[in-house]
Amino acid sequence: MRISVFGLGYVGAVTAACLAQEDHDVIGVDLNAEKVELINRGESPIIEPKLTELISSGVARNKIIATTNYREAVSRTDISLISVGTPSKSNGELDLSYVLNVTREIAWAVREKGKRHLVVLRSTVPPGTLKKCKKILVEIAGEELVSAAFNPEFLREGTAINDYYRPPYTIVGTDDPYAEQLLRELYQKIDAPLLVVKPETAEMVKQVANTWHAAKIGFANEIGRLAKGFGVDGREVMNIIVQDTKLNVSPAYMMPGFAYGGSCLPKDLNSILYHAQAMNIPVPVLSAIPVSNNLQVEIAVKDILQTGARKIAVLGLAFKSGTDDLRESPAVLLIKRLIGEGCEIRVFDKSVYRARLMGTNLSYIRQNLPHFEDMLVPYGKEALEWADLAVLTYKEQEFLDILAQSRRKVTVVDLAGVYTERPKELEYYGIAW
């Protein structure tokens, strides 16, 4: 198939690379000329395992190119996937302006082309968004030239390529037989059930999934805090709870640890809360999740300050291992609070240090930590030799190796359960155990 992918961020870049790997002809579209140039050189614009290899292979086989020219992309393809950002507004509502603007651009290009075109929305949006997009497409290009569908992604940063090929299911939200037919063909090599539902159902499934993930993290952290108050290891408690796969569903996100973050869970939970408030529907449990999550950061700050250390090495700045995504990272909030308390900070995060931060990712970190580059060090050893205390913010084997090899035995505050057992050779604090 001939496919254009609008938006070359985490979702768009991975999707484009995987489609090219399956021998589809792919044109990536982005306003950021630097991203376009990187892809055309066979390089990845983001840090994601195995992505550079896929892009390099696709470029070498002439299966993927990138451009800033949306008209050219639409004219040379039959399907357009929209994967642009939908950031949160200050009130929690999602900003759909990028989605709607791209939809208008595609609509005008389809009108010029004069040939039927399928538009597939992949960005995370509230129910009813595809309906708005379809109205724009029809008003500009005409009903006979456009079909539309919502096709949510379930890609986790750090494991996105594996997730693309092994999703729990493929959801197609459409009432258009032509759209359904093309998407069935597009995903015929993906070994997963394909569910065709109403667009509004598909749109809500994605947000509810991320809201559930956020709820599980908040729940497990509250259990961890309560368990620690009784002198019980919260990890042991939850390890038993999650073995009940018949009722408790899944162990994913169900272990006590640090606060959740990233570009999905906070945004989608805030969106759900916004719409609940707008419709005057009480959701006290959901409303409590961000309160509990923020409290987890404050408890981490308290635990760190109680050690008396003021020279602190933070191992892990991104919101999780294997990515350079800093948006809504709890580690960023933690560092802001510690700096406000007079602490000196050094940060080791290999992915962030070697990444080309750009776009909303760069904007977020500069807004929250204007001089973050001055805190970053290229090697964890360098941070530990300077610090009195090390804070582990996510699970990473390299952190254990660095601490084991360090000549200086620093105090460790473990916020993510990186150590499965309490290390006897270190002064060690766990946030929920």
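Now for a description of the structure that goes with this document.

Reading guide: rules and limits
- Residues numbered from 1 in each chain as written.
- Predicted model: local features only at pLDDT ≥ 70, side-chain atom pairs only at ≥ 80, totals over all residues.
- Heavy atoms only, no water.
- Core = buried A, V, L, I, M, F, W, Y, C linked by side-chain atoms within 4.5 Å.
- Buried < 20%, exposed > 50% of the residue type's maximum accessible area, 1.4 Å probe, protein only.
- Contact = heavy atoms within 4.5 Å.
- Axes fitted to C-alpha atoms, helices over the stretch in contact; angles between N-to-C directions.
- Helix = DSSP H or I, 4+ residues; strand = E, 2+ residues; numbered from the N terminus.
- Parallel < 35°, antiparallel > 145°, perpendicular 65-115°, else oblique.
- Left-handed = near helix turned anticlockwise from the far one by under 90°.
- Nonpolar A, V, L, I, M, F, W, Y, C, P; charged D, E, K, R; others polar.
- Phe/Tyr/Trp six-rings, centres within 6.5 Å; stacked < 30°, edge-to-face > 60°.
- Lys NZ or Arg CZ within 6 Å of the ring centre and 35° of its normal.
- Pairing = 2+ DSSP bridges.
- Expected span 1.5 Å × (residues − 1).
- Salt bridge = Lys/Arg side-chain N within 4 Å of Asp/Glu carboxyl O.

This part covers the nonpolar core. Core analysis: the largest hydrophobic core is formed by 59 residues, its most contacted members being Ile312, Leu334 and Ile345. In this structure, Ile345 is in contact with Ile312, Val314, Ile335, Leu338, Ile339, Met375 and Trp386, ignoring residues within four places of it in sequence. Formed by 36 residues, the second largest nonpolar core is a distinct cluster that contains Leu8, Ala17, Ile39 and Ile64.

Let us now look at the packing of helix H13 (residues 330–340) against helix H15 (residues 359–368). At a minimum axis distance of 10 Å, the contact between H13 and H15 shows a crossing angle of 20°. The pairing of H13 with H15 is recorded here as roughly parallel in orientation. Relative to H15, H13 is oriented so that their crossing is right-handed. Where H13 approaches H15, its residues Val332, Leu333 and Lys336 are matched on the opposing element by Tyr364, Ile365 and Asn368. Partitioning the contact of H13 with H15 into residue classes produces four nonpolar, one polar and one charged.

Taken as a whole and assessed by the stated rule, the structure comprises five aromatic pairs. Seen from their ring centres, Tyr164 and Tyr165 are 5.2 Å apart, and the 85° between their planes marks the pair as edge-to-face. Taking relative accessible area as the criterion, Tyr165 reaches 24% and is therefore assigned partly exposed. Counting every residue linked through ring pairs, the aromatic cluster contains Phe348, Tyr394 and Phe399. In this arrangement the basic side chain of Arg346 is found over the ring face of Trp386, its NZ or CZ atom lying 4.4 Å from the centre.

A few words now on unusual backbone geometry. Notably, Asp23 is not glycine yet its phi reads approximately 75°, a positive angle. Mapped onto the elements, Asp23 comes out in the loop between helix H1 (10–21) and strand S2 (25–29). Positive phi is not limited to glycine here, since Asn280 has a value of about 60°. On the basis of relative accessible area, Asn280 is assigned to the exposed category, the value being 67%.

Looking now at the sheet that holds strand S12 (residues 411–414). One open sheet accounts for five strands, arranged S10-S9-S11-S12-S13; its pairing is parallel. In this open sheet, the two edge strands, each paired with only one partner strand, are strand S10 (344–348) and strand S13 (428–430). Strand-to-strand twist across the sheet, computed as the mean angle between neighbouring axes with direction ignored, equals 20°. Pairing of strand S11 (residues 389–392) with S12 involves four bridges; the strand directions are parallel. Within S12, the position partnered with Leu392 by the bridge is Asp414. Relative to the sheet, H13 contacts strand S9 (311–315), S10 and S11, its axis offset from that of S10 by approximately 155°.

Attention now moves to helix H11 (residues 265–278). Spanning 14 residues, H11 covers 20 Å between terminal C-alpha atoms, matching the ideal 20 Å at 1.5 Å per step. Residues of H11 that are buried include every one of Leu265, Pro266, Lys267, Asp268, Leu269, Ser271, Ile272, Leu273 and Ala276, and no others. Against helix H9 (199–229) and helix H12 (284–306) lie the buried residues of H11. At the C-terminal side of H11, Asn280 shows a positive phi close to 60°.

Attention now goes to the pattern of salt bridges. Under the definition given, this model contains 21 salt bridges. Of the charged contacts, one joins Arg41 and Glu37 as a salt bridge, the two residues approaching to 2.9 Å between their closest N and O atoms. A relative accessible area of 46% means that Glu37 is categorised as partly exposed. Through salt bridges that share partners, Arg2, Asp78 and Lys115 make up one connected network.

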